[in-house]
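Single-letter residue listing:
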Amino acid sequence: HGGRAKCHFCGPCHHGCSTGSFFSTQSSTLPAAEATGRLTLLNDTIVAGIDYDPKSKRATGVRTIDSKTGERRTFTARLIFVNASTLGTLHILLNSVSEAFPRGLANSSGVLGHGIMDTMKGPVVTGTFDGYDGFQPVGNRPAGIYIPRFRNVGAKDADFLRGYGFQGGASRALWTRGVDMPLFGAELKQALRKPGPWRLMLAGMAEPLPNPRNQVSLDPKEKDKWGLPQLRVRFAWSDNERRMVDDILTQGEAMLRAAGAVHIDKVNEIKPGGETNHEMGGAPMGHDPAGSVLNRFNQAHDVPNLFVTDGACMSSSPCQNPSLTYMALTARAADYALTRMKQGAL
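Undergrad: Explain the sheet that holds strand 8 (residues 198–206) to me, using residue names and the numbers behind them.
TA: With antiparallel pairing, five strands are arranged side by side in an open sheet as 6-7-8-5-11. If you trace the sheet from one side to the other, it starts and ends with strand 6 (145–147) and strand 11 (263–267), each paired once. Within this sheet the neighbouring strands show an average axis-to-axis angle of 20°, counted without direction. Of the strand pairs in this sheet, strand 5 (residues 120–129) and strand 11 are connected by five bridges, and their pairing is antiparallel. From the neighbouring strand, V124 faces strand 11, where its bridge partner is V267. Set on the sheet, helix 4 (residues 239–258) makes contact with strand 5, strand 6, strand 7 (164–172), strand 8 and strand 11; between it and strand 5 the angle comes to about 15°.

So this is what it looks like as structure tokens:
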């Protein structure tokens, strides 16, 4: 893997990998970009907007603000890829207004900012298992289980659209279980000296439907300290997502009981939008320019040299973690853009 060290199971993967073994931007893709000799990194730089030339009908450059000095600069380019994460990308495009695009860059359809989504999560089913007290967890690598979507696959078999998957894992209950134990003092301390029972947790991760009423827009009054309009977010779950919660809890309990769980706990809730950090939508791909912002190669219908390849490009949401999909879309869009440039079309 390009000289990256093998994983040696040191433990705190979620804090960042000190050997660069765990795939990440810092240890994988940025070093690869740097090796080309064509990478320039600008720290403490805010993108204020993208300039547009109505004569050539092309984006011409990116306007920036130095967050420490306030210095404003414009960087020009033949191609512009916007990957500021979904809400950041939408903020930039909405703020890039001109006489040609008074509602935001590449927004002749009026779709820009509408239909934002996030993977729905919240419902959790946990089962306690007897007979495994002699087993202890070994190693530190964070790993778990995944149960792929099984509802409405091939044929509709539920009272909702789309579906969900389960992410989860097994562990022994730790000292925090003492919060719910009816003990006190020395008796409580003694009971918590040993690990608790094994528990298997299944967390539902569901596909939301794109809803045009879920949208981001620029606040007409509130601005940040650099003078840029604040982003306003409107988001609510639909009845379709709420119907999935009941099925997640029912199916999760059935799975754990079939596996031999002796006690089941269920959490019946939906986390707020944004909790899963899978924000997507708002600049969707589509064949019809009247109902979308980008074509199937992530190229803006209205601005041929502008590409959006982060989550904003999604026209629907999966129940899986979407980051690898964004990477694949970016690779395809970059290849397409390079090909079109060589053909003289960009």
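Here the narrative resumes.
Undergrad: Lay out the packing of aromatic side chains in plain terms, naming residues and giving numbers.
TA: Tallied over the full model, the rule gives nine aromatic pairs. Taking 5.4 Å as the distance between ring centres and 80° as the angle between the ring planes, the aromatic pair formed by F150 and Y164 counts as edge-to-face. Linking F150 in the loop between strand 6 and strand 7 with Y164 in strand 7, this pair joins segments that are 14 residues apart in sequence. A relative accessible area of 27% places F150 in the partly exposed class. Relative to F166, the ring of Y164 lies with its centre 5.6 Å away and its plane at 80°, an arrangement referred to as edge-to-face. Of the two residues, Y164 and F166, neither departs from the other in class, the shared state being buried. Feature note: the residues F81, F297, F307 and Y336 constitute an aromatic cluster, connected by ring pairs.

What counts as what
Residues numbered from 1 in each chain as written. Predicted model: local features only at pLDDT ≥ 70, side-chain atom pairs only at ≥ 80, totals over all residues. Heavy atoms only, no water. Pairing = 2+ DSSP bridges. Helix = DSSP H or I, 4+ residues; strand = E, 2+ residues; numbered from the N terminus. Axes fitted to C-alpha atoms, helices over the stretch in contact; angles between N-to-C directions. Contact = heavy atoms within 4.5 Å. Phe/Tyr/Trp six-rings, centres within 6.5 Å; stacked < 30°, edge-to-face > 60°. Buried < 20%, exposed > 50% of the residue type's maximum accessible area, 1.4 Å probe, protein only.

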